[in-house]
Amino acid sequence: MMNLIIGKKYNILGENAYYAGKCDSFCGQKCDCCGRELETGYLFYIPVLETTTYEETENGKFKDQIKIGNTCIKKLKIEEVM
């Protein structure tokens, strides 16, 4: 797995999304890969527009979030978006 950097944009599951860090407050939300319930995992924000900054997504300007568990994140091909 690549070393993800908070605030950088990556292509994950076919979407360009900002990495928002590791989160331990998912409390039963499902992994977007395998569907298992999560307690911890990796969080990505899909911005409303491609020009939306990471700071704007932190303030709620994202159209969806991607939640990936610890096992699934290791299996995914994640590419940095330039």
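The sections below set out a description of the structure shown in this document. All values derive from a computational prediction rather than experimental measurement. Chains are numbered independently. Their residues run from 1 in the order of the written sequence. Predicted model: local features are reported for residues with pLDDT of at least 70 only, side-chain atom pairs are reported and counted for 80 or more only, and whole-chain, interface and lining totals are derived from all residues. Note that water and hydrogens are dropped before the side-chain values are worked out from all heavy atoms of the structure.

### Digging into the overall build of the protein chain
Moving on, step 1. A tally of regular secondary structure across the protein chain gives 2 helices and 5 strands.
Moving on, step 2. Helices and strands appear in the protein chain in the N-to-C order β-β-β-α-β-α-β.
Moving on, step 3. Radius of gyration here uses only the C-alpha atoms, and the compact-globule reference equals 2.2 Å multiplied by the residue count raised to the power 0.38. The C-alpha radius of gyration computed for the protein chain amounts to 12 Å, which stays within 12% of the reference 12 Å derived for 82 residues, consistent with globular compactness.
Moving on, step 4. We call a residue buried when its accessible area falls under 20% of the maximum for its residue type, exposed when it is over 50%, and partly exposed in between, using a 1.4 Å probe and counting protein chains only. Within the protein chain, the fraction of its 82 residues that count as buried is 37%.
Moving on, step 5. For the protein chain, contacts bridging at least 24 residues in sequence account for 55% of all contacts bridging at least 6. The way it works is that DSSP assigns letters per residue, a run of H or I at least four long becomes a helix, a run of E at least two long becomes a strand, and they are numbered from the N terminus. Residue contacts follow a heavy-atom distance rule, with two residues in contact if any of their heavy atoms lie within 4.5 Å.

### A few points about the pairing of strand 2 (residues 15-23)
Moving on, step 1. Pairing between strands requires that DSSP locate at least two bridges from one strand to the other. Across 4 bridges, strand 1 (residues 9-12) lies against strand 2 in antiparallel orientation. In the sheet register, Tyr10 faces strand 2, and the bridge partner there is Ala17.
Moving on, step 2. The turn linking strand 1 back onto strand 2 is made up of 2 residues, and Leu13 within it adopts a positive phi angle of 55°.

### What about the nonpolar core?
Moving on, step 1. Definition of nonpolar core: a set of buried residues of the types Ala, Val, Leu, Ile, Met, Phe, Trp, Tyr and Cys, connected through side-chain atoms within 4.5 Å. In terms of nonpolar packing, the biggest core is built from 22 residues, with Leu4, Ile12, Phe44, Ile66, Ile68 and Ile73 touching the most fellow members.
Moving on, step 2. Mapped onto this core, the elements with two or more residues apiece are strand 1, strand 2, strand 3 (41-47), strand 4 (62-68) and helix 2 (70-73).
Moving on, step 3. The residues contacting Ile66, other than those within four sequence positions of it, are Ile12, Leu13, Glu15, Ala17, Asp32, Tyr42, Leu43, Phe44 and Ile46.

### Thoughts on the environment of Ala20
Moving on, step 1. Along the polypeptide, Ala20 turns up in strand 2.
Moving on, step 2. Counting along the chain gives 38 residues from Ala20 to Glu58, while the straight-line C-alpha distance between them is 8.2 Å.
Moving on, step 3. Once residues lying within four places of it in the same chain are set aside, the contact partners of Ala20 are Ile6, Leu43, Phe44, Tyr45 and Tyr54.

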